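Working through the structure, step by step
Take a look at the letters that make up each chain.
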Amino acid sequence: MDIQRIGVIGAGQMGNGIAHVMAVAGYDVTVTDISSDALANAMKTIDKNLERQVSRDTISAEDKAAALGRIATTPDLTQLGGSDLVIEAATERETIKQAIFEDLIPHLEPHTILTSNTSSISITRLASRTDRPEKFMGFHFMNPVPVMQLVELIRGIATDEPTFEACRGVVEKLGKTAATAEDFPAFIVNRILMPMINEAVYTLYEGVGNVTSIDMAMKLGTNHPMGPLELADFIGLDTCLAIMNVLHDGLADTKYRPCPLLTKYVEAGWLGRKTKRGFYDYRGEAPVPTR
Ligand SMILES: CC(=O)CC(=O)SCCNC(=O)CCNC(=O)[C@H](O)C(C)(C)COP(=O)(O)OP(=O)(O)OC[C@H]1O[C@@H](n2cnc3c(N)ncnc32)[C@H](O)[C@@H]1OP(=O)(O)O
Ligand SMILES: NC(=O)C1=CN([C@@H]2O[C@H](COP(=O)(O)OP(=O)(O)OC[C@H]3O[C@@H](n4cnc5c(N)ncnc54)[C@H](OP(=O)(O)O)[C@@H]3O)[C@@H](O)[C@H]2O)C=CC1
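Notes on the structure in this doc start here. (Residues numbered from 1 in each chain as written. Chains lettered and ligands numbered in written order. Predicted model: local features only at pLDDT ≥ 70, side-chain atom pairs only at ≥ 80, totals over all residues. Heavy atoms only, no water.)

Next up on the list: the pattern of salt bridges. Under the defined criterion, the tally for this structure stands at 12 salt bridges. As a salt-bridge pair, Glu230 and Lys219 come within 3.5 Å of each other at their nearest N and O atoms. Note that Glu230 is positioned in helix α9 (residues 228-235) and Lys219 in helix α8 (residues 211-222), a separation of 11 residues in sequence. The class for Glu230 is buried, based on a relative accessible area of 19%. (Salt bridge = Lys/Arg side-chain N within 4 Å of Asp/Glu carboxyl O. Helix = DSSP H or I, 4+ residues; strand = E, 2+ residues; numbered from the N terminus. Buried < 20%, exposed > 50% of the residue type's maximum accessible area, 1.4 Å probe, protein only.)

Turning next to the environment of Thr45. Summarising the element assignment, Thr45 is placed in helix α2 (residues 36-55). With a relative accessible area of 24%, Thr45 lands in the partly exposed category. Between the alpha carbons of Thr45 and Gln13 there is a distance of 8.7 Å; along the sequence they are 32 residues apart.

This part takes up the sheet that holds strand β8 (residues 177-181). With respect to topology, eight strands assemble into an open sheet ordered β3-β2-β1-β4-β5-β6-β7-β8, the strand pairing being mixed. Each of the sheet's edge strands pairs with one partner strand only, and the pair in question is β3 (71-74) and β8. Averaged over all adjacent pairs, the angle separating strand axes in this sheet is 25 degrees, with direction ignored. Judged from the four bridges that link them, strand β2 (residues 28-32) and β3 form a sheet pairing that is parallel. Following the sheet pairing, Thr30 is matched in β3 by Ala72. Here helix α4 (residues 94-104) sits on the sheet and contacts β1 (5-9), β4 (85-88), β5 (113-116) and β6 (136-141); the angle it forms with β5, its principal contact strand, is near 165 degrees. (Pairing = 2+ DSSP bridges. Axes fitted to C-alpha atoms, helices over the stretch in contact; angles between N-to-C directions. Contact = heavy atoms within 4.5 Å.)

Rendered as structure tokens:
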């Protein structure tokens, strides 16, 4: 199937990264969000990240201009109706994603492939609420999208082979690598990564270490590029908590119990980098640990 027009729903950190890499690869992209500010900020971020690639000679100034020219933004979800492939990258909450699909489906062309960038939610369940479970699948990018090589591809129980192959073709055109995961809570990457992050929060909660010692131990002791608390702030603590809840509910095992301290940070609205406060405070020149 020939894919040229891509619709991206949600202009947060993942949505802007997905629009960025799709436009650089030559796709025409339309991005939508409920927040016009988010759309404006996404274009600023894409511009800045493309400029960084120009300054490092990864792409030319002409490539940057062409990529920006291929991205349109709109607050009107129905404008995505003519897309060949839609990637939903809105907030990690099932009710939000379901409502988006419900609003979008009447405007979609019959051939459109519908996907979700969800970090954890059942693809089969999301698909079952649409008119096209066979043309629905998980298309899971890693953050930051322009840098990370992996895309997890997740088939729902009904996903057909042409849909899977079309998505795999897009991953190849992006120059990224696909890993296929079965549709179980949080798939592969977050099934392994998120319990580690949650355990780091328990380590903090129980006073085994403070923010600095936990992150330093994991960076210097295991060569991780970021400490687990720094990474949690980077991903977003709301997203981390949502994933732990999906693991806990979906696998019914207490080993996935979200740490109460993680819940407390989310309840405070301290969601990490995106709200300028999480395990670190980002409001000053350099991040300062909050514990
Ligand atoms: C939650 C989920 O569902 C799934 C997930 O995504 S889990 C999270 C997965 N992601 C990770 O684990 C990220 C771990 N962290 C890292 O790999 C690194 O810290 C990092 C790549 C983010 C930054 O690396 P760094 O060495 O500290 O920074 P820096 O040297 O400035 O940047 C390295 C490259 O990344 C680019 N980059 C850094 N941050 C970027 C961003 N936010 N957006 C775009 N590009 C970025 C830089 O331009 C640079 O590119 P070049 O190599 O082409 O020059
Ligand atoms: N953060 C990460 O590291 C990764 C996240 N993901 C997944 O990607 C998705 C997005 O995450 P991320 O980009 O981090 O989240 P963000 O919070 O950065 O962005 C989500 C965006 O979606 C918007 N939004 C909320 N409701 C709607 C709606 N009904 N219609 C359109 N837009 C909406 C939000 O607007 P507002 O702020 O106004 O509510 C916000 O701009 C989630 O499913 C997440 O699990 C996948 C891989 C990695």
